[in-house]
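Chains, contacts and geometry: an overview
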Amino acid sequence: GLVPENAAEAATDETAQKIIYNASLSMESTDFDTTREALMTAVEANGAWLESTSLYGTEKDHDRTADYTVRVPVGSYRAFLAAVGDAGSVLNISESAENITSSYIDVQARLSALEAQRDRLNALADQAETTADLLEIESQLSDVQYQLESYQSQLDWYSRQVECCTVYLSLEEVQTYTPVEEGFGSRIQNALREGW
């Protein structure tokens, strides 16, 4: 499967691969409200949350579409996809796994270098003999501090992306289901259960 069994532990291990998982699913349902409730239950049951929601169409025309962006803890990713598969008819699903390990390590290295530079500048500031020297050092310090904050926020962003997967869900209300190729539905069910 794409996600290792111990994905949650792997994400906390400093030497582990840093991988961002995304999935995109489109679904349809003849019973829109029930499917929508099942999806919300799946979100709550897996410790996930909705990052964004949009709803189009009207109940009386039976032409509603709901789009959800769901953030799912990496450890619950597979269980969440399986629950979504049970909630309605999945037309298609695509997944991506982006390995950002080298970028992550690169940013970490830059952070360490900047921290060392900050320490050196602080030591120099303590020894500064003239006000002019001190001002020059403080100016450099503020540049370093600015860069440090920028890299730190980048690292935090990476960590959030790795710890939580993003799942894009699109649910369409239909009168009759689109006939899917024989066995496609059960193949998806099996694939979801076996975790790809």
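Going along each chain's sequence as written, the residues are numbered from 1 onward. Per-residue local features of the predicted model are confined to residues with pLDDT of at least 70, and side-chain atom pairs are confined, for both listing and counting, to 80 or more; whole-chain, interface and lining totals are unaffected and use all residues. To get the side-chain values, take all heavy atoms of the structure and skip hydrogens and water.

**Considerations on the pattern of salt bridges**
For this document, the term salt bridge refers to a Lys or Arg side-chain nitrogen within 4 Å of an Asp or Glu carboxyl oxygen. In total, this model carries 6 salt bridges according to the counting rule given. Close ionic contact of Asp-33 with Arg-36 constitutes a salt bridge, the shortest N to O distance being 3.4 Å. Taken as a pair, Asp-33 and Arg-36 lie in helix α2 (residues 32-45) at a separation of 3 residues, close to a single helical turn. Each residue is assigned to one of three classes by its accessible area relative to the maximum for its type, calculated with a 1.4 Å probe on protein chains only: buried under 20%, partly exposed between the two thresholds, exposed over 50%. For Asp-33, a relative accessible area of 26% translates into the label partly exposed. Salt bridges sharing common partners tie together Asp-33, Arg-36, Arg-64 and Glu-173. Secondary structure elements are defined from DSSP: runs of H or I of at least 4 residues count as helices, runs of E of at least 2 residues count as strands, and each element is numbered from the N terminus.

**Observations regarding the packing of aromatic side chains**
The rule is short: rings of Phe, Tyr and Trp, with Trp giving its six-membered ring, pair when the centres are within 6.5 Å, and they are stacked under 30 degrees, edge-to-face over 60, tilted in between. The full count for this structure, using the stated rule, is 3 aromatic pairs. When the centroid spacing of 6.3 Å and the interplanar angle of 40° are considered together, the rings of Tyr-104 and Tyr-158 count as tilted. Note that Tyr-104 is positioned in helix α4 (residues 101-127) and Tyr-158 in helix α5 (residues 131-163), a separation of 54 residues in sequence. Take Tyr-104: its relative accessible area is 6%, and that puts it in the buried class. Its relative accessible area of 12% is what places Tyr-158 among the buried residues. The ring of Tyr-104 has Lys-18 sitting right over it, with the charged end atom 4.5 Å from the ring centre. Placement of a positive charge over a ring is assigned whenever Lys NZ or Arg CZ falls within 6 Å of the ring centre and within 35 degrees of the normal to the ring plane.

**Here we look at α4**
Expected helix span is computed as 1.5 Å times (number of residues minus one). The first and last C-alpha atoms of α4 sit 39 Å apart over 27 residues, in line with the 39 Å expected at 1.5 Å per residue. Within α4 the residues assigned to the buried category are Thr-101, Tyr-104, Val-107, Leu-111, Leu-114, Leu-121 and Ala-125. Contact partners of the buried residues in α4: β4 (89-99) and α5. What makes two residues a contact is simply this: any of their non-hydrogen atoms within 4.5 Å.

**As for the sheet that holds strand β3 (residues 65-73)**
Adjacent strands of a sheet form backbone hydrogen bonds with each other and so pair up, either parallel or antiparallel. At least two DSSP bridges between two strands are needed for those strands to be called paired. The strand order β2-β3-β5-β1-β4 describes an open sheet built from 5 strands, whose pairing is mixed. Among the strands making up the open sheet, the edge pair consists of β2 (49-56) and β4. In this sheet, neighbouring strand axes are inclined to one another by 10° on average, regardless of whether the strands run parallel or antiparallel. In this structure, strand β1 (residues 19-29) lies alongside β4, joined through 10 bridges in antiparallel fashion. Its bridge partner lying in β4, Tyr-21 is registered against Ala-97. Sheet strands in contact with helix α3 (residues 77-87) are β1, β3, β4 and β5 (164-173), and its direction is about 10° off that of β1. In this analysis an axis means a line fitted to C-alpha atoms, helices contributing only their contacting stretch, and an angle means the value between N-to-C directions, from 0 to 180 degrees.

**Some thoughts on the environment of Ala-82**
Within the secondary structure, Ala-82 sits in helix α3. When the C-alpha atoms of Ala-82 and Ala-42 are compared, they prove to be 9.2 Å apart, with 40 residues separating the residues in sequence.

**Quick look at the confidence of the model for the protein**
Per-residue pLDDT for the protein has a mean of 88; in total, 84% of the residues score no lower than 70. Of the regions scoring below 50 in pLDDT, residues 7-11 engages in 7 contacts with residues more than four places distant in sequence or in other chains. The predictor reports its confidence for every residue as pLDDT, a score running from 0 up to 100.

**A look at the packing of α4 against α5**
Interhelical geometry of α4 versus α5 gives an angle of 155° and a closest axis separation of 9 Å. By the angle class used here, α4 and α5 are roughly antiparallel. Judged by the twist between their axes, the crossing of α4 over α5 is left-handed. Gly falls in the polar group here, along with every residue not listed as nonpolar (Ala, Val, Leu, Ile, Met, Phe, Trp, Tyr, Cys, Pro) or charged (Asp, Glu, Lys, Arg). Tallied by class, the residues present in the contact of α4 with α5 amount to 15 nonpolar, 10 polar and 3 charged. Here is the rule for angles: anything less than 35 degrees is roughly parallel, anything more than 145 is roughly antiparallel, 65 through 115 is roughly perpendicular, and the remaining ranges are oblique. Crossings are assigned a handedness: left-handed for a near helix turned anticlockwise from the far helix by less than a right angle, right-handed for a clockwise turn.

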